[in-house]
Amino acid sequence: MALIKCIDCETEMSDQAAACPRCGRPNAAASPPASPKTEVTAKSGRAGSAVLGATLGFALGTVLVWQGCAHGQAMTSQELTLAAFGGIVSGILGAILGAVIG
């Protein structure tokens with residue numbers, strides 16, 4: 001701890017004082033107060049879980065379509081629509097479950 005002079009009134013004060021005790025001028029030499037640490041909230045974790053759940057759900061839908069086409073038979077438009085709808089529903093349910101559970 002060292003003593004310094006105030007720029008305005010030339011009063012001696014600690015270099016760690018936030019302001020001059022006489023005139024109140026802020027001390028430029030004093031270190032600024034430590035900023036509060038930010039905490040990770042549960043919401044950010046839930047958002048990540050929802051994204052993961054949706055990704056897995058859409059991947060399941062892709063596998064459904066791929067398995068339907070892998071049998072060497074062409075899928076009808078109705079079967080493709082049903083498989084795509086299943087993938088979308090799986091993605092939405094995965095997102096909801098990921099947000100609720102995560």
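Structure's up top.
Residues numbered from 1 in each chain as written. Predicted model: local features only at pLDDT ≥ 70, side-chain atom pairs only at ≥ 80, totals over all residues. Heavy atoms only, no water.

Visitor: Requested: an account of the overall build of the protein, with residues and values cited.
Guide: Regarding its fold elements, the protein presents 2 helices and 2 strands. Seen in sequence order, the protein has helices and strands lined up from the N terminus as β-β-α-α. Taking all 102 residues of the protein together, the buried fraction comes to 20%. By sequence separation, contacts in the protein at least 24 residues apart represent 31% of the contacts at least 6 residues apart. When the accessible surface of the protein is totalled, it reaches about 7800 Å², and 65% of it is carbon and sulfur. (Helix = DSSP H or I, 4+ residues; strand = E, 2+ residues; numbered from the N terminus. Buried < 20%, exposed > 50% of the residue type's maximum accessible area, 1.4 Å probe, protein only. Contact = heavy atoms within 4.5 Å. Areas by Shrake-Rupley, 256 points an atom, 1.4 Å probe, with all protein chains shown as cover.)

Visitor: So, unusual backbone geometry: which residues are in play, and what are the values?
Guide: Residue Glu10 is not a glycine yet carries a positive backbone phi of 60°. If you trace the backbone, Glu10 turns up in the loop between strand E1 (3–5) and strand E2 (12–14).

Visitor: Summarise the environment of Ala59; cite the residues concerned and give the values.
Guide: As for its position among the elements, Ala59 is in helix H1 (residues 42–69). On the basis of relative accessibility, which here comes to 37%, the residue Ala59 falls in the partly exposed class.

Visitor: Quick one: what's the story with the pattern of salt bridges, residue by residue and with numbers?
Guide: Here the structure, examined in full by the defined rule, presents 1 salt bridge. For Arg25, the salt bridge is made with Asp8, and the minimal N-O distance between the two is 3.4 Å. One end of the pair, Arg25, is in the loop between E2 and H1; the other, Asp8, is in the loop between E1 and E2, with 17 residues separating them in the sequence. Exposure remark for Arg25: the relative accessible area of 33% places this residue in the partly exposed category. (Salt bridge = Lys/Arg side-chain N within 4 Å of Asp/Glu carboxyl O.)

Visitor: I'd like to hear about helix H2 (residues 77–101), residue by residue, with values.
Guide: The end-to-end C-alpha separation of H2 is 35 Å, in line with the 36 Å expected for 25 residues at 1.5 Å each. The complete set of buried residues in H2 reads Ala83, Gly86, Gly87, Ser90, Gly91, Gly94 and Gly98. (Expected span 1.5 Å × (residues − 1).)

Visitor: Which residues make up the side chain of Ser14, and what values go with them?
Guide: Here Ser14 shows up in strand E2. Taking the relative accessible area as the measure of exposure, Ser14 reaches 16% and is therefore buried. When sequence neighbours within four positions are dropped, the list of residues in contact with Ser14 reads Met1, Ala2, Leu3, Ile4 and Asn27.

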